[in-house]
Amino acid sequence: MTPRQVVERLLAGRPCTPRGTAAAAYAPANIALIKYWGKRDEALNLPVTNSLSVSLGPLGSHVELARADASADRVWLNGGELAPDTSFARRASAWLDLVRPAPDFAFALHARNTVPTAAGFASSASGFAALAKAADAFFGWRLCTRQLSILARLGSGSAARSLEDGFVQWQAGTAEDGMDSFAVRLEEEWPAFRVGALVLCATEKPIGSRDGMRRSVETCGFYREWPGRVEMDLTALRAALFRRDMAVLGTVAEGNALAMHALMLAARPPLVYALPETVAAIRRVWAAREAGIGVWFTMDAGPNVKLLFLAEEEERVRGVFPDVDVVAPFVR
Ligand code: 2P0
């Protein structure tokens, strides 16, 4: 099954001519508490396991889509036009190919991130989720959130989780065409929940998630243990969310992130995303907990650390980490 065949199924009978001259949309970034690491289908970004994230409210991507008066797509990011061979421009054009009404139809895409990319929050998730929503508005498809989640996933796996606010679960699904692999919002609201970004290194990582995942799946001898671990962690984390039990949630999320990094460390050649500063920050979190502060961490495929805590601990967390950028996902 190719991405184009999936899109044909999704859009069956829907319009393929623009309704107006331009359309705009916004989608939040998200941070996974239970990680997506490994694909069962690389072309469709179908994951091996379920995953669970929290959306970051006002931190995300604004996208505006229009027809370009040009022979090829034009892509702007944060006000500057990108060369067509840059990573984001290439990935955006590849996604736009899936919905392009005619070979000579070129798009003008303006993307603006409110996520500080340098803070280690991924912008590809919010970018592709906003792009899917903008395309939906541009062509007047009126797809539902689940269909948009599938469409966004074709751009980047974690984008499937950026169509909704709050806590979101992406179900892996089992269908070959991935029509059952989309994310849904969980009922739980937790206004006191906080995510803190520690910027330890702003330079681009040497190996992207896409290659890192493939290497882990293909060469880590205990990757086969990962799906069972994720199911166990997901069950425990859902129960902690239901009970608003931050200590259990933090412990499970932290353990899940470290288990993902174990898959990376055991890959051949090994993938080490942590820097000395990363390990120092982790040790500071553990020392803070020893001292009675309710703070936990998670990490993605990079050296930066994200803190997890409740509003009541914010002052003490800031005492330990004066440079932390704090996000309140449920506060408007
Ligand atoms: C996540 N990450 O669950 C995990 C944890 C990074 C570590 O999803 O190849 O950019 O586009 O599907 O979504 C980052 O990978 O990868 C990611 P593709 P994506 O957030």
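Residues numbered from 1 in each chain as written. Predicted model: local features only at pLDDT ≥ 70, side-chain atom pairs only at ≥ 80, totals over all residues. Heavy atoms only, no water.

Visitor: Could you give an account of the overall build of the chain, with specific residues and numbers?
Guide: Tallying secondary structure elements over the chain gives 9 helices and 13 strands in all. For 332 residues, the compact-globule estimate of 2.2 N^0.38 gives 20 Å, and the chain sits close to it at 20 Å. With the C-alpha coordinates aligned to their principal axes, the bounding extent of the chain is approximately 60 × 40 × 40 Å. Relative to its full complement of 332 residues, the chain shows a buried share of 53%. Accessible surface computed for the chain: about 14300 Å², of which carbon and sulfur atoms make up 53%. A gap of 1 Å separates the mean positions of the 37 positive and 36 negative side-chain charges of the chain. (Helix = DSSP H or I, 4+ residues; strand = E, 2+ residues; numbered from the N terminus. Rg over C-alpha atoms; globule rule 2.2 N^0.38 Å. Buried < 20%, exposed > 50% of the residue type's maximum accessible area, 1.4 Å probe, protein only. Areas by Shrake-Rupley, 256 points an atom, 1.4 Å probe, with all protein chains shown as cover. Lys, Arg positive; Asp, Glu negative; His and termini not counted. Charge placed at Lys NZ, Arg CZ, Asp CG, Glu CD.)

Visitor: Which residues make up the environment of F138, and what values do they have?
Guide: Inspection of the secondary structure assignment puts F138 in helix α3 (residues 124-139). Classification of F138 by relative accessible area gives buried; the value is 2%. The spatial distance from the C-alpha of F138 to the C-alpha of E64 is 9.2 Å, given a sequence separation of 74 residues. If sequence neighbours within four positions are ignored, F138 has contacts with P18, R19, G20, T21, A22, A23, L65, A66, R67, F105 and F107. (Contact = heavy atoms within 4.5 Å.)

Visitor: So what's going on with the layout of surface pockets? Which residues, and what values?
Guide: Roughly 1500 Å³ of internal volume is contained in the largest pocket. Lining the largest pocket are 50 residues, and of these A122, S123, S124, K205 and S209 lie nearest its centre. For the lining of the largest pocket, the elements supplying multiple residues, two or more each, are β1 (22-34), β4 (51-67), α2 (87-97), β7 (107-113), α3 and α5 (209-219). Taken together, the residues of the lining of the largest pocket break down into 22 nonpolar, 18 polar and 10 charged. (1 Å grid on protein atoms, 1.4 Å probe; cavity = no way out; pocket = protein on both sides within 12 Å on 5 of 7 lines; lining within 4 Å. Points joined across faces, edges and corners; volume = space filled by probe spheres on them. Nonpolar A, V, L, I, M, F, W, Y, C, P; charged D, E, K, R; others polar.)

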